[in-house]
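Single-letter residue listing:
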Amino acid sequence: KEGIAQSAISAFESTFNSLVSGNTGIIPESTISPVPELIHTDSITTAPNTGLLSETVVLKLNGGLGTGMGLDKAKSLLEVKNGDTFLDLTAKQVMHMRKEFGQNVKFMLMNSFSTSDDTLDFFKTKYPSLAAEEGLEMLQNKVPKLDATTYEPATCESDTSNEWCPPGHGDLYAALIGSGSLAALIEGGYKYMFVSNSDNLGATLDLKILTHFAATDASFMMECCERTENDKKGGHLAIRNSDKHLILRESAMCADEDEPAFQDITKHKFFNTNNLWIRLDKLQEIVDKFGGFIPLPMIMNNKTVDPKDDASQKVVQLETAMGAAIECFDGASAVIVPRTRFAPVKKCNDLLLLRSDAYIITDDFRPVLNPLCGGTAPVIALDSKKYKMVGALEEAMPHGVPSLVNCKRLTVKGKVLMNGTTTFIGNVSITNKNDEPMRISGVIGNSDLKN
C-alpha cells in the first residue's frame, strides 16, 4: 500500500539479509591496501569537449531536512548568501552553465517524501522554466525501521510516519531504476551523470572533469580530496585485496583495533566528496546482472522510532551510501579535486563562514574563499550546545553577519550578540558564562574576551 518500487524492495531485502546473517559490515585493515597516488584534476590537459554536454545529466541529492540544524523543511531552502538559498544558487548555476555552453544541460533533483512539496513549490514560484521541465524530480524511496531486538518492523502509534525512514543516498540507484528514470535517460541518449549533494555548492558540472571521465572510458569515477587532520574520522578510499576493486570504508565499517590505521592520513590519503560521475549504460548492465538492483554494503544506524522521544522503541535503520557503489563497477576510478569542489554545510560553523565576507559568490554562482583570506579559511568553533540550531545562530546576529575576512580563528563559548559592524581580526576567543548574551561590536583583534 506504500507504493514502494520493486528495485527498492530488492535493495532492502539485500541489506536486511546482510543484517540477519550476522554481517557486521566491518572491513578489516588486513583485507585492504592504501590507494596509491591519483590524478589531480589540476593536472588534466585534455581539451574540454563541449559535445559531451548533450549526453550529460546533472543530479542533485535533495532529500535532507536539516533536522540536525533545527530545520523542519528542505535543508536546501536555507538562506546561505545575499538572500539566496542553496536551491537558488543551484538553479542559477544550471542556467548560467546552459547560457555559457549554449546547451540545455539536463538537470534533475532526487527529493524525499519530506522535501518534495517545498522544493517543487519553490521552483514553480522562482524558476518556472526549470519547474516545467520533464523529469525534474525523482523521489527517494522509504524503508521500514526495524525493532533493534527482533528485527520486526517497528511501530509508532502516535505517528505512523515515524515507522519509515529514508534508505540513505545509496537509494539513488533504486530510485533511478524504480522511477523509470534510468531507462528514460538512456533512451533519450544520455550517457553520463554527475551527482552531488545539494548542500555542496562547490560541486558544479566541470567540463574538464567530464571530458577526462569520458576520455578514460571509466564506468564510475569518484571525486576525492586529500585527507587532513580534520578529516581523519571520516571514511576513506581503499583497494580490496581480494579483487583489487576500489572500495569505500566508512567509520562504521572499521573495527576498534583498526582505528589507528583508519585515522592514519599518511596511509589512507583520500576521502569521498560524494561528487560522483556515473556511466548510465554501465549502471544498467550491473542492474541487469543482479536482477534489478545494485547490492551495496549495509550501514546500520541505531536510533529510536520517534526521533524526538529518546524513551521510544529502539530501532535499527538500514542505509546504504551511493559512493559505495564504486566496488560494483569494473573499471571504476577516482581523481583528486581541489577543496573548492567540497564545501558542504553540515553545522552552524559552516553556515556562519559561508554567510560572512570570508566567502564571495563568483560570476558562475559558486561560493569561493575571498582572495583576501590568503588561501586559508578562518577556523570557526561556535559553542556546540548554544549554536547547534540555525535559529540560535540568527538570534546571535539579528542585524547582519560579522566580518571574518581577516580572522584566523574564532572561538565562541556561551551566548553572544554580534552585528554587521562587528569585525574579527586574527585569533579571537569569546567566553560568556552568564545567561544574558555578551554584546560584541566594533573591531576585535587578537583578543581573549571573558565575561
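Further up the page is the structure itself.
Residues numbered from 1 in each chain as written. Predicted model: local features only at pLDDT ≥ 70, side-chain atom pairs only at ≥ 80, totals over all residues. Heavy atoms only, no water.

Trainee: Where do I start with the sheet that holds strand β14 (residues 246-249) in this structure?
Mentor: Note: strands within a sheet are paired through backbone hydrogen bonds, in either parallel or antiparallel orientation. Across the sheet, three strands lie side by side as β1-β13-β14; this open sheet has antiparallel pairing. Each edge of the sheet is formed by a strand with only one pairing partner; in this case those strands are β1 (32-33) and β14. Relative to β14, strand β13 (residues 236-240) is paired through four bridges, and the arrangement is antiparallel. Opposite alanine 238, over in β14, you have isoleucine 247 as the bridge partner. (Pairing = 2+ DSSP bridges. Helix = DSSP H or I, 4+ residues; strand = E, 2+ residues; numbered from the N terminus.)

Trainee: What is the right way to look at helix α3 (residues 116-126) in this model?
Mentor: Each turn of an α-helix holds 3.6 residues, which means side chains three or four residues apart point in the same direction. Among all positions of α3, only Ser116, Thr119, Phe122 and Phe123 are buried. For α3, the angular spread of the buried residues around the axis is 140°, confining them to a single face. Exposed and oriented more than 90 degrees from the buried face of α3 are Asp117, Lys124 and Thr125. The elements touched by buried residues of α3 are β3 (56-62), β5 (84-85), α2 (86-101), β6 (106-111), α4 (128-131) and β7 (137-139). (Buried < 20%, exposed > 50% of the residue type's maximum accessible area, 1.4 Å probe, protein only. Arc of directions from axis to C-beta. Contact = heavy atoms within 4.5 Å.)

Trainee: Would you explain the nonpolar core in this entry?
Mentor: Soluble globular proteins: nonpolar side chains tend toward being buried together. Counting residues in hydrophobic clusters, the biggest one holds 39 residues, and the most contacted among them are Leu172, Tyr173 and Leu237. Sequence-distant contacts of tyrosine 173, defined by excluding residues within four places in its chain, comprise Phe220, Leu276, Ile278, Leu283, Ile294, Leu296, Met322 and Ala325. Of all hydrophobic cores here, the second largest spans 36 residues; its members include Leu201, Tyr359, Cys373 and Ile440. (Core = buried A, V, L, I, M, F, W, Y, C linked by side-chain atoms within 4.5 Å.)

Trainee: Help me understand unusual backbone geometry in this model?
Mentor: Phi at tyrosine 151 is positive, roughly 65°, even though this residue is not glycine. Looking at the element boundaries, tyrosine 151 is found in the loop between β9 (146-147) and β10 (164-165). The residue aspartate 217 is not glycine, and still its phi comes out positive at about 60°. As for its placement among the helices and strands, aspartate 217 is situated in the loop between α7 (207-215) and β12 (220-226).

Trainee: Explanation requested: the packing of α2 against α3 in the structure shown.
Mentor: Each pair of packed helices can be summarised by the angle the axes make with each other and by the distance between the axes. As a packed pair, α2 and α3 sit with axes 11 Å apart at the nearest point and diverge in direction by 55°. By the angle between their directions, the pair α2 and α3 is classed as oblique. Considering only the axes of α2 and α3, their crossing is right-handed. Residues Leu87, Asp88 and Ala91 of α2 touch α3, and the partners they reach there are Thr119, Phe122, Phe123 and Lys126. Looking at the contact of α2 with α3 residue by residue, the class counts come to four nonpolar, one polar and two charged. (Axes fitted to C-alpha atoms, helices over the stretch in contact; angles between N-to-C directions. Parallel < 35°, antiparallel > 145°, perpendicular 65-115°, else oblique. Left-handed = near helix turned anticlockwise from the far one by under 90°. Nonpolar A, V, L, I, M, F, W, Y, C, P; charged D, E, K, R; others polar.)

Trainee: Honestly, helix α5 (residues 171-178) in this entry has me stumped. Any pointers?
Mentor: Most of α5 sits out of view: six of its eight residues are buried. Along α5, the residues classified as buried are Asp171, Leu172, Tyr173, Ala174, Ala175 and Leu176. Residue glycine 180 follows α5 closely and has a positive phi angle near 85°.

Trainee: What exactly am I supposed to notice about the pattern of salt bridges here?
Mentor: It is possible for side chains of opposite charge to pair when their charged atoms get near one another. Taken as a whole and judged by the stated rule, the model has 18 salt bridges. In this structure, aspartate 199 and lysine 75 form a salt bridge, with 2.8 Å as the shortest nitrogen-oxygen distance. With a gap of 124 residues between them, aspartate 199 in the loop between β11 (192-197) and α7 and lysine 75 in the loop between β3 and β4 (79-81) connect regions that are remote in the sequence. The class for lysine 75 is buried, based on a relative accessible area of 13%. For aspartate 281, the salt bridge goes to arginine 279, with nearest N and O atoms at 2.8 Å. Relative accessible area serves as the criterion here: at 27%, aspartate 281 is assigned to the partly exposed category. (Salt bridge = Lys/Arg side-chain N within 4 Å of Asp/Glu carboxyl O.)

Trainee: Honestly, the sheet that holds β12 in this entry has me stumped. Any pointers?
Mentor: Spatial strand order, β2-β18-β12-β15-β11-β3-β6-β7: eight strands in an open sheet with mixed pairing. Each edge of the open sheet is held by one strand with a lone partner, namely β2 (39-40) and β7. Here β3 runs beside β6; their pairing, made up of six bridges, is parallel. Opposite asparagine 62, over in β6, you have asparagine 111 as the bridge partner. Lying over the sheet, α5 contacts β3, β6, β7, β11, β12 and β15 (270-279), oriented at roughly 110° with respect to β7.

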